[in-house]
Amino acid sequence: MIEPKMLTEPTRYLFFTGKGGVGKTSLSCASAITLCDRDKRVLLVSTDPASNLDEMLATPLRDTPTEVSSVPGLHAMNINPEAAADGYRERVLAQMAADASDDERSTVREQLSGACTTEIAAFDAFVGLLAEDMPEFDHIIFDTAPTGHTLRLLSLPKAWTGFLEGNDRGASCLGPHSGLKMQEVRFRAALACLGDQTRTTIVLVARPDGSALREAARTSAELSALGLRNQLLAVNGRFHATKIDDPIAVGIEQAQDSALSTMPVALSTLPRDEFPMLPFDMVGLDALRALFMPGSPVVAASGSVEEAKVGLPPLATLVDEIAKGEKGLVMVMGKGGVGKTTVAAAIAVGLVERGHAVHLTTTDPAAHLSFVVEGAMRGLTVDRIDPVAETKRYIDKVMASRGRDLDEEGKALLREDLESPCTEEVAVFHAFSRIVAEARDAFVVIDTAPTGHTLLLLDATGAYHRQMTRQMETVVPGRIVTPLMRLQDPDYTRVILVSLPETTPVSEAAMLQEDLRRAKIEPYGWVVNRTMSASGTTDPLLQSRPAGERVQIDRIKHQLAERAYILPFQAVPPVGIEVLRRLSGKG
């Protein structure tokens, strides 16, 4: 059995964070089960809007602790962002003066209707768990949202502190000042708890590849800047080849060795746990226990790579279909860590190879596009939506328009209001809207952020759509075109969902598809990425995976996707224009 350092003398709180898809949920579940097997009482909490904790534990969860009957001592819960937002709104409204008018309450309720409030409320619920004593549990383990989302939540207390100082003007986009001020002490206490090494361990989870390790290093630095230096690195999915004549297996091991030997210095000095790649999906209690017990009798699906080959067209076919048009928006979406950036970059390069000019951009705060493209190509423009730059641009624009006729005191008050944490959300939405509109004249490919963050952006798009249609329906009936209307137009937008051929990523992509359909956005197709079935490997561990893949690919083909395409596993991470050309069928 592996004895993880994080469980040798475990702190009361374990906080798992990292890039999407690196295995945070698997490690947090396995840790909780291990502690319960030691007769500890554990509460496992997911703060991820796209949580799959229910599926991992085979237990329907709520936003209150629910007993996991198959693991004595274990309770688990999901923080429901919408329910948290409802509760938060009621608490803020309750702080208003008793004589506040209906119009004043309605204004505040409208200010608290956006996605930013949902994010704040989820964090508020998270803080509540830290603030409560909860003596019925020996340990509380947090399975967090993908890194960019989590860091935004963690930074809110400091952002709010700066925003609240001297701001007594009543309402902002975050609601009444009094409603926030009452939370300040709790938020300071939460940060103090998170930074206390006697109470909390922050586990940075990463795969042994350059992209995930760079993200872990960025996370480590930003957490340290918040005073959270009690960190441990968990490297998940370590692989060692058993056949030296298998180029796929040898390539995977060499790529991992290289990534780990060149990891940023800040990471190399942290305490480290390593966990092996396993031949099966991490779903169910036996599989989760096997994560810390390599060689335990968990039987993978039988079959060979040849037997598991499936009849899906390659990514090049998808690019050919898109290239038949002269312009349009391509949005690549999915759970973090499934390869959205690679797929988006390969589609963009493939379109350029087929004679089109393409703007490739990303809404992901982690912004890995530049590492994947790594080079210039005539006809291809690559950039990203930079939240800091967009926020400055938005503030300057508002100051120039609304502040033009204000005196110095008025300008100072306006700028102070624009320094609230919600301004970034508005600024990013405006940048997103501009890029969506560009597809009227050319191809635009957007690599989206991990699912939870993307849904917040789509929620802002929907709110803007509702606001604009209410305002314009009596002025210019039928003439307004909002970003949401463009996303809903299948002739304008093609949404591509990316998934790995594994149970959890497929289930999460299916949930995302349902969310999109509720917004009347119909996905064009799915890309099944990193399929070992098409790799030709002869390594025993790697050969055990394709039969399980076949089950998920059949599920996608026959139950979920209108169209599906396949992208084989790449032994070496696909980086550079030439590699992307080969992936998209031109090389």
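- Naming follows an unreviewed UniProt entry, where the protein appears as Arsenical pump-driving ATPase of Pseudorhizobium banfieldiae.
- The UniProt entry for the protein carries the following text under Function (unreviewed entry): "Anion-transporting ATPase."
- Listed in UniProt under the heading Sequence similarities (unreviewed entry), the comment for the protein reads: "Belongs to the arsA ATPase family."

**Observations regarding a negative patch on the surface**
(1) Moving on: Residues Asp99, Asp102, Asp103 and Glu104 make up a contiguous surface patch of negative charge.
(2) Moving on: Position of aspartate 102 among the secondary structure elements: in helix H4 (residues 102-111).

**A few points about the packing of helix H21 (residues 503-518) against helix H23 (residues 546-560)**
(1) Moving on: The contact between H21 and H23 brings their axes to 10 Å, and the two run at 20°. One element, H21, and the other, H23, form an angle in the roughly parallel class. Handedness of the crossing formed by H21 with H23: right-handed. Contacts between H21 and H23 involve Thr503, Val506, Ser507, Ala510, Gln513 and Arg517 on the former and, on the latter, Gln552, Arg555, Ile556 and Leu560.
(2) Moving on: Split into classes, the residues belonging to the contact of H21 with H23 amount to 4 nonpolar, 4 polar and 2 charged.

**So, H23**
(1) Moving on: Taking 1.5 Å as the rise per residue, H23 with 15 residues should run 21 Å; its terminal C-alpha atoms sit 20 Å apart, in good agreement.
(2) Moving on: Among all positions in H23, only Pro546, Ala547, Glu549, Gln552, Ile553, Ile556 and Leu560 are buried.
(3) Moving on: The inward-facing, buried residues of H23 contact H21, strand E16 (525-531), helix H22 (540-543) and strand E17 (564-568).

**Side note on the pattern of salt bridges**
(1) Moving on: In the structure shown here, the tally under the stated rule is 18 salt bridges.
(2) Moving on: Arginine 434 serves as the salt-bridge partner of glutamate 390, at 2.9 Å between the closest nitrogen and oxygen. Of this pair, glutamate 390 sits in helix H16 (residues 387-402) while arginine 434 is found in helix H18 (residues 422-438), placing the two residues 44 residues apart along the sequence.
(3) Moving on: We classify glutamate 390 as buried; its relative accessible area is 9%.
(4) Moving on: Using a relative accessible area of 39% as the deciding quantity, one classes arginine 434 as partly exposed.
(5) Moving on: Each of Arg238, Asp257, Arg272 and Glu274 takes part in one network of salt bridges that share partners.

**Remarks on the sheet that holds strand E11 (residues 328-333)**
(1) Moving on: An order of E13-E12-E14-E11-E15-E16-E17 is seen for the 7 strands of this open sheet, with the pairing classed as parallel. The open sheet terminates on both sides in strands that have one partner only, identified here as strand E13 (380-382) and E17. Within the sheet, the average angular offset between the axes of one strand and its neighbour, ignoring direction, is 20°.
(2) Moving on: With 5 bridges joining them, E11 and strand E14 (residues 443-447) adopt parallel strand pairing.

**Re the packing of aromatic side chains**
(1) Moving on: Tallied over the full model, the rule gives 2 aromatic pairs.
(2) Moving on: The residue whose ring lies beneath arginine 494 is tyrosine 524, and the NZ or CZ to ring-centre distance is 5.1 Å.

**Here we look at the pairing of strand E1 (residues 13-18)**
(1) Moving on: Taking burial as the measure, the 6 residues of E1 include 6 buried ones, the bulk of the element.
(2) Moving on: Burial of E1 is two-sided: the residues Tyr13, Phe15 and Thr17 facing one way and the residues Leu14, Phe16 and Gly18 facing the other way are all buried.
(3) Moving on: In the sheet, E1 pairs with strand E8 (residues 200-206) via 6 bridges, with the strands oriented parallel. Bridging from a neighbouring strand, tyrosine 13 pairs with threonine 200 of E8.
(4) Moving on: Alignment of E1 against strand E5 (residues 139-143), held across 4 bridges, turns out to be parallel. Bridge assignment links leucine 14 to a residue of E5, and that residue is isoleucine 141.

Reading guide: rules and limits
- Residues numbered from 1 in each chain as written.
- Predicted model: local features only at pLDDT ≥ 70, side-chain atom pairs only at ≥ 80, totals over all residues.
- Heavy atoms only, no water.
- UniProt positions renumbered as here; feature names shortened; annotations may be inferred.
- Patch = residues over 30% accessible without salt bridge, like charges linked within 9 Å, V, L, I, M, F, W, Y side chains within 5 Å.
- Areas by Shrake-Rupley, 256 points an atom, 1.4 Å probe, with all protein chains shown as cover.
- Salt bridge = Lys/Arg side-chain N within 4 Å of Asp/Glu carboxyl O.
- Lys, Arg positive; Asp, Glu negative; His and termini not counted.
- Charge placed at Lys NZ, Arg CZ, Asp CG, Glu CD.
- Helix = DSSP H or I, 4+ residues; strand = E, 2+ residues; numbered from the N terminus.
- Axes fitted to C-alpha atoms, helices over the stretch in contact; angles between N-to-C directions.
- Parallel < 35°, antiparallel > 145°, perpendicular 65-115°, else oblique.
- Left-handed = near helix turned anticlockwise from the far one by under 90°.
- Contact = heavy atoms within 4.5 Å.
- Nonpolar A, V, L, I, M, F, W, Y, C, P; charged D, E, K, R; others polar.
- Expected span 1.5 Å × (residues − 1).
- Buried < 20%, exposed > 50% of the residue type's maximum accessible area, 1.4 Å probe, protein only.
- Pairing = 2+ DSSP bridges.
- Phe/Tyr/Trp six-rings, centres within 6.5 Å; stacked < 30°, edge-to-face > 60°.
- Lys NZ or Arg CZ within 6 Å of the ring centre and 35° of its normal.

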